[in-house]
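# Fold and geometry: a report
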Amino acid sequence: MLRRVAGPAATELYLHCQPGADPTGAREQADAIYRAILQALVAEGGNSGSVVSETVFLRDLPASLEPVRAARRDVVAAHREATHDPAVIEVEQAPLEERACLEVMVHAVLPHASTAARFESITTPFTCGCAECARAHGLLFYLGDESRFQAGGLCGAGRNAYEQTLDMFGHAEELLQRAGMGFSDVVRTWIHLRHMERDYPEFNRARREFFTARGIRPVPASTGIQGAPASAAHDLCLGVYAVKSGRPPERTVMSSPTLNEAAEYGADFARGMKVVETNKLALHVSGTASIDEQGRTVHVGDFDAQADRMLENIAALLARQGANFGNIVSAITYLANPADAARLRQKLREAGFEGFPHALVAATICRPDLLCETEALAVLPIGHEDALRR
């Protein structure tokens, strides 16, 4: 599945790729997926060097990670167009499609010929010593007078979740500083926790301390979800997306009358973040579940009702910005119990939540009584906000 955003500075592509019926092993499925991604990019006028970020969902990370990486390297090396490594999140979250060893989400940027653009890998020494941290990096890419930074799979050293969280946020901050940015430029984060129920409270405590110490306001949109990171030496990993330009930042915290603010119950993230970029108006919807106006879980034990409330909350967040499900270009839905997959697909169809790249994966959610959660990115054209004012 592919969605295309044609903006004034570039064409941006959002892709979701699943394996077909034939390949059975992770190496074979990955080879087919990356060849299909490359074929789609070439058809749009791009190549492997157009990719700026990937999220790879793995059913069995220890067994599949290296074969999947090898498949990607082979496909990219055969065409030799890439001059940079994209930001990559690799996480153990089993696809709901039972035959799939992996699924891949991709964001690619194809600058117009008239747009000044370049890509730069950003690295910083990290004292952890594990192989995964040694390869960690960020991607800085310039589009006209705007710079964007993205990184994935960043970890932190420490004896527990609290220490690891502070260190991984510090690692991200070092990369941002080398890119000429600060954490105040971050508009979206993704946090994957190996042990959600054990570590989520201490992660939240450390994140709040980090944001408070640096005066980060508004806090970014975010998803905090269960998922084993690529590094066996760490219990958490972090992905970040930041935007900076020569003009004052145009960001608005997204809210909805159907939801309270997450900070009210100790979770420091915005429900969503609207960002005016050079090429588009982006609506980053954080991980959203069956939560009510008081921050309470509603419809405990009722999957259908929880799915309906989750989608109602997302629709309300988008509607406040003049958008709807038809403006979504990318989404991920997390399901606590894979046995609910058929019901989930039915609820999504009934709501019209379809027609865009959308990964469905199994993951424990931040509260044990929540059964599903969805994050989304919607895009509106530049100038849409001015049209609304008129």
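Above this text you will find the structure in question.
Now for a quick tour of the structure. (Residues numbered from 1 in each chain as written. Predicted model: local features only at pLDDT ≥ 70, side-chain atom pairs only at ≥ 80, totals over all residues. Heavy atoms only, no water.)

## Some words on the overall build of the protein
Of the regular secondary structure elements, the protein holds eight helices and 18 strands. For the protein, the C-alpha radius of gyration of 19 Å lies close to 21 Å, the compact-globule estimate for 390 residues. When the backbone C-alpha atoms are referred to their principal axes, the protein occupies close to 50 × 50 × 45 Å. For the protein, the residues scored as buried account for 59% of the 390 residues in total. Across the protein, every contact between residues at least 6 apart in sequence was considered, and the portion connecting residues at least 24 apart equals 79%. As presented, the protein carries roughly 15200 Å² of accessible surface, and 49% of it is formed by carbon and sulfur atoms. Computed over 39 positive and 49 negative side-chain charges, the separation of the two mean positions in the protein equals 3 Å. (Helix = DSSP H or I, 4+ residues; strand = E, 2+ residues; numbered from the N terminus. Rg over C-alpha atoms; globule rule 2.2 N^0.38 Å. Buried < 20%, exposed > 50% of the residue type's maximum accessible area, 1.4 Å probe, protein only. Contact = heavy atoms within 4.5 Å. Areas by Shrake-Rupley, 256 points an atom, 1.4 Å probe, with all protein chains shown as cover. Lys, Arg positive; Asp, Glu negative; His and termini not counted. Charge placed at Lys NZ, Arg CZ, Asp CG, Glu CD.)

## Description of the pattern of salt bridges
In this structure the tally under the stated criterion is 31 salt bridges. The partner of Arg159 in a salt bridge is Glu163, and the shortest N-O contact between them spans 2.4 Å. Note on Glu163: relative accessible area 23%, which makes it partly exposed. Each of Glu12, Glu146, Arg148, Glu277 and Lys280 takes part in one network of salt bridges that share partners. (Salt bridge = Lys/Arg side-chain N within 4 Å of Asp/Glu carboxyl O.)

## What about the pairing of strand β15 (residues 281-288)?
Where burial is concerned, most of β15 is hidden: eight out of the eight residues are buried. For strand β14 (residues 272-276) and β15, the ladder comprises five bridges, and the chain directions are antiparallel. In the sheet register, Lys274 faces β15, and the bridge partner there is Leu283. Counting the residues between successive antiparallel strands, the hairpin from β14 to β15 contains four residues. Pairing analysis gives six bridges linking β15 to strand β18 (residues 372-380), with the strands arranged antiparallel. Paired with Val285 across the bridge in β18 is Ala376. (Pairing = 2+ DSSP bridges.)

## A short note on the pairing of strand β16 (residues 328-335)
Residues in a regular strand project their side chains so that they alternate between the two faces of the sheet. Burial within β16 is extensive, with eight of its eight residues counted as buried. Taken together, β16, helix α7 (residues 341-351) and strand β17 (residues 358-362) form a β-α-β motif whose crossover is right-handed. (Right-handed = clockwise from strand over helix to strand, strands pointing away.)

## Quick notes on the environment of Gly49
Tracing the backbone through its elements, the reader meets Gly49 in the loop between α1 (26-43) and β3 (51-58). Judged by relative accessible area, Gly49 falls into the buried class, the value being 10%. In this structure, the C-alpha to C-alpha distance between Gly49 and Phe119, residues 70 residues apart in sequence, is 9.4 Å.

## Details of empty space enclosed by the protein
For the coordinates displayed, the defined rule picks out four cavities of 30 Å³ or more. Its volume calculated, the largest cavity comes out at about 490 Å³. Around the largest cavity, the lining is made up of 32 residues, and of these Ser53, Thr55, Gln150, Trp190 and Ser330 lie nearest the centre. Grouping the amino acids of the lining of the largest cavity by side-chain chemistry returns 18 nonpolar, nine polar and five charged. Along its surface, the second largest cavity is lined by 18 residues, and Tyr265, Phe269, Gly287, Cys366 and Glu373 are the ones closest to its centre. Only α5 (196-214), β10 (221-226) and β15 provide two or more residues apiece to the lining of the second largest cavity. Looking at the lining of the second largest cavity residue by residue, the classes come out as nine nonpolar, five polar and four charged. (1 Å grid on protein atoms, 1.4 Å probe; cavity = no way out; pocket = protein on both sides within 12 Å on 5 of 7 lines; lining within 4 Å. Points joined across faces, edges and corners; volume = space filled by probe spheres on them. Nonpolar A, V, L, I, M, F, W, Y, C, P; charged D, E, K, R; others polar.)

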